[in-house]
Amino acid sequence: MSHTAADTEPAQPPPADDHAFFGQPRGLMTLSGLEVWERFSFLGMQAILVLYFADTVANGGMGMEAGTAASVSAAYGTLVYLVSVAGGWLADRILGSYRAVLYGGILIACGHYAMAVPTDAMTWVGLGLISAGTGLLKPNVATMVGKLYRTDDERRDAGFALYYMGINIGAFLGPLITGWLGDHASWHWGFSAAAFGMTLGLIQYVAGRRHLAGRKHAAEYALAPGPMRRAVLLIAVGVVVVAAVATALALAGWLTMDRFVDVLTLISVIAPVVYFVVMFRSPRVTHEERGRLRPYVVLFLASVVFNFILFQAYSTMMLLASTNARTEIFGFHFPASWYASALGAFEVLLAPVVAAVWARMGPRQPHASNKIAIGVILGGLSFLLMVLPTSGHSGDTYKMAAWWIVGSYLLLGLGDILLETSGMSATTKLAPKAFASQTMALWFLSLALANGIQAQIVKLYGEVSNPAYFGVNGAVAVAAGVAVIAAAPWLKRTMHPVH
């Protein structure tokens, strides 16, 4: 039997790699580098996407109303995270993590290149490709980071901290470059920068593949040849059928943009409900595990509320910044989209501070549920803060100081650090063993639902006053966080072994 070079390539990196990157495995640099450029391209594009949708056709935009632009942008986020659930399954059963990430990156790059072409049709093609590619890449890169370490390796948490720092560096740099190009050249030049960034990420990923653990082509839990052929055939046929039906409905005038957004929202609601019902009713879930699922539902909903606020950093907050915020600090003028970089900057700066505080507090640190609750409250406060500068104006021509939005992003960034780290940890510990490999799917469903709800609520932006919009949404988030704190005694009792 013949073997290809890829098949005979060792599945583990060379022993000399184990401490080659700041005491961490050399493969961590490859994967962190990929995430820097993936986040650079994804969030760089996201920072200008809603502005591109809302800009006039004469200025190279798509001429949407502000609420519609924010809704379509949120629907795109919903699609990304729904596809991510399928992406994890495809890697586990068919592609393997390495190829899933590679193919996902290629689709993302192609999507950004498509968006660089100044036509509406190529914008939609590009967003579709980016959604599919991110769905393949995003859930599997973190899995590959985990494979670099043994389960009992004490460097594991520090390695993930470096990895997440890479994510936030990309989140900081992306809007700076794409925003400047969008403001000084055209929106499509901004999309081109995102394409270039993803291309660089792919090059260094392929170049550094020998340093990655578990990079063999076969999926870890691959289907048998027969079922795999049937699965691939069903997926291919399903994609073609859905595309054909969608095209026919669109040409017939039934599948409008509003209805497409509504369908995605409906799916984002149904999917987690079905997921939880299956887990609660599964005979493979023990009575004890079922008891731990109940508090997890509370944390899942808390994640939905917080991320509903967080994702608006790239939609309604961008729209507000572009129309009612000064784009000048200490005499320096900048594009409105640069505000999005503040979020990544705060998370890079605050993450090690938060980690140091928890380490210093040791066993006295708050319970995971309270950390999550505080994160939700901070998210709500970031919106409530915006009530102050948007109130008391007779018209919509006022300009608030830049520090208001920067302050809002400071609260939001700190909340994100508290919630995401504790939420992911709780997810892995509370999920039933029979569904352990699907814990990332659960987390992505909370993000999809947050975006799905956002896609409906943001339609009110521009229809109601800004103080009312930010005040009500912020108050609901604060109330949700307070409710989680009130439930803390029950959560602590039922969330064992989470502390």
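Residues numbered from 1 in each chain as written. Predicted model: local features only at pLDDT ≥ 70, side-chain atom pairs only at ≥ 80, totals over all residues. Heavy atoms only, no water.

1. Considering the overall build of the chain
Move 1: Within the chain one finds 18 helices and two strands.
Move 2: Since a compact globule built from 499 residues should have a radius of gyration of about 23 Å, the 22 Å found for the chain is in line with a globular shape.
Move 3: The principal-axis extent of the C-alpha atoms belonging to the chain is close to 75 × 55 × 45 Å.
Move 4: Here the chain, with 499 residues, has 51% of them falling under the buried criterion. (Helix = DSSP H or I, 4+ residues; strand = E, 2+ residues; numbered from the N terminus. Rg over C-alpha atoms; globule rule 2.2 N^0.38 Å. Buried < 20%, exposed > 50% of the residue type's maximum accessible area, 1.4 Å probe, protein only.)

2. What to know about the confidence of the model for the chain
Move 1: Summarising the model, the chain shows a mean pLDDT of 87, and 92% of its residues fall at 70 or more.
Move 2: Mean pLDDT values over the elements of the chain span from 44, in helix H1 (residues 5–8), up to 97, in helix H17 (residues 466–486).
Move 3: In this model, residues 1–8 is a region of pLDDT below 50 whose contacts with residues beyond four sequence positions or in other chains number two contacts. (pLDDT = per-residue confidence, 0-100. Contact = heavy atoms within 4.5 Å.)

3. Let's talk about helix H12 (residues 339–361)
Move 1: Here H12 spans 33 Å end to end across 23 residues, near enough to the 33 Å set by a 1.5 Å rise per residue.
Move 2: In the structure, H12 departs most strongly from a straight axis at Leu 350, where the bend amounts to approximately 35 degrees and where the proline Pro 352 lies between one and four residues downstream.
Move 3: Taken together, the buried positions of H12 are Tyr 339, Ala 340, Ser 341, Ala 342, Leu 343, Gly 344, Phe 346, Glu 347, Leu 350, Val 354 and Trp 358. (Expected span 1.5 Å × (residues − 1). Bend = angle between axes of the 7 residues up to and from the residue.)

4. Remarks on the packing of aromatic side chains
Move 1: Counted under the stated rule, the structure contains 19 aromatic pairs.
Move 2: Ring geometry for Tyr 52 against Phe 53: centres 6.0 Å apart, planes inclined by 35 degrees, an arrangement best described as tilted. Comparing Tyr 52 with Phe 53 shows no difference in burial state: the two are buried.
Move 3: Each residue in the set Tyr 52, Phe 53, Trp 124 and Phe 191 is aromatic and connected to the rest through ring pairs, giving one cluster. (Phe/Tyr/Trp six-rings, centres within 6.5 Å; stacked < 30°, edge-to-face > 60°.)

5. Observations regarding the nonpolar core
Move 1: Judged by nonpolar contacts, the single largest core of 101 residues is most densely connected at Met 45, Phe 53, Tyr 339, Ile 405 and Tyr 409.
Move 2: At 11 residues, the largest contribution of residues to this core is made by helix H15 (residues 402–430).
Move 3: Aside from chain neighbours lying at most four places away, what touches Met 45 is Phe 40, Tyr 76, His 112, Met 115, Leu 127, Ile 130, Thr 178, Phe 191 and Ala 194.
Move 4: Formed by 23 residues, the second largest nonpolar core is a distinct cluster that contains Tyr 98, Leu 102, Val 145 and Tyr 149. (Core = buried A, V, L, I, M, F, W, Y, C linked by side-chain atoms within 4.5 Å.)

6. Some words on a nonpolar patch on the surface
Move 1: Together, Leu 266, Val 269, Ile 270, Val 273, Val 274, Val 277 and Val 278 make up a nonpolar patch on the protein surface, roughly 560 Å² of accessible area in all.
Move 2: Of note, Val 278 is situated in helix H9 (residues 257–281).
Move 3: Judged by relative accessible area, Val 278 falls into the partly exposed class, the value being 45%. (Patch = residues over 30% accessible without salt bridge, like charges linked within 9 Å, V, L, I, M, F, W, Y side chains within 5 Å. Areas by Shrake-Rupley, 256 points an atom, 1.4 Å probe, with all protein chains shown as cover. Salt bridge = Lys/Arg side-chain N within 4 Å of Asp/Glu carboxyl O.)

7. Some remarks on the packing of helix H3 (residues 66–95) against helix H5 (residues 120–146)
Move 1: In the contact formed by H3 and H5, the axes pass within 6 Å of each other and the chain directions differ by 45 degrees. Judged by the angle between their axes, H3 and H5 are oblique. Considering how the two elements wind past one another, H3 and H5 form a crossing that is right-handed. Residue-level inspection shows Val 72, Tyr 76, Leu 79, Val 80, Val 83, Ser 84, Gly 87, Gly 88, Leu 90, Ala 91 and Leu 95 of H3 in contact with H5, the latter providing Trp 124, Leu 127, Ile 130, Ser 131, Ala 132, Thr 134, Gly 135, Leu 136, Pro 139 and Asn 140.
Move 2: Among the residues forming the contact of H3 with H5, the class breakdown is 14 nonpolar, seven polar and no charged. (Axes fitted to C-alpha atoms, helices over the stretch in contact; angles between N-to-C directions. Parallel < 35°, antiparallel > 145°, perpendicular 65-115°, else oblique. Left-handed = near helix turned anticlockwise from the far one by under 90°. Nonpolar A, V, L, I, M, F, W, Y, C, P; charged D, E, K, R; others polar.)

8. Some details on the pattern of salt bridges
Pairing between side chains of opposite charge can happen when their charged atoms approach one another.
Move 1: Using the criterion set out here, one finds four salt bridges in the structure.
Move 2: Across the pair Glu 35 and Lys 138 runs a salt bridge, and its minimum N-O distance is 3.2 Å. Within this pair, whereas Glu 35 is found in helix H2 (residues 26–54), its partner Lys 138 is found in helix H5, the two being separated by 103 residues in sequence.
Move 3: For Glu 35, a relative accessible area of 0% gives the class buried.
Move 4: A salt bridge links Glu 38 to Arg 39, with the nearest nitrogen and oxygen atoms 2.7 Å apart. In this pair, the class of Glu 38 matches that of Arg 39, namely buried.

9. Description of unusual backbone geometry
Move 1: Within the chain, Phe 330 stands out as a residue other than glycine whose phi angle is a positive 55 degrees.
Move 2: With respect to the secondary-structure elements, Phe 330 resides in the loop between strand S1 (328–329) and strand S2 (332–333).

10. Some details on H17
Move 1: Over its 21 residues, H17 runs 30 Å from end to end, which matches the ideal 30 Å to within 8%, given 1.5 Å per residue.
Move 2: Turning to H17, its buried residues number three or more, namely Asn 466, Tyr 469, Phe 470, Gly 471, Asn 473, Gly 474, Ala 477, Val 478, Gly 481 and Val 484.

11. Notes on the side chain of Arg 39
Move 1: Locating Arg 39 in the fold gives a position in helix H2.
Move 2: The exposure class assigned to Arg 39 is buried, which follows from its relative accessible area of 7%.

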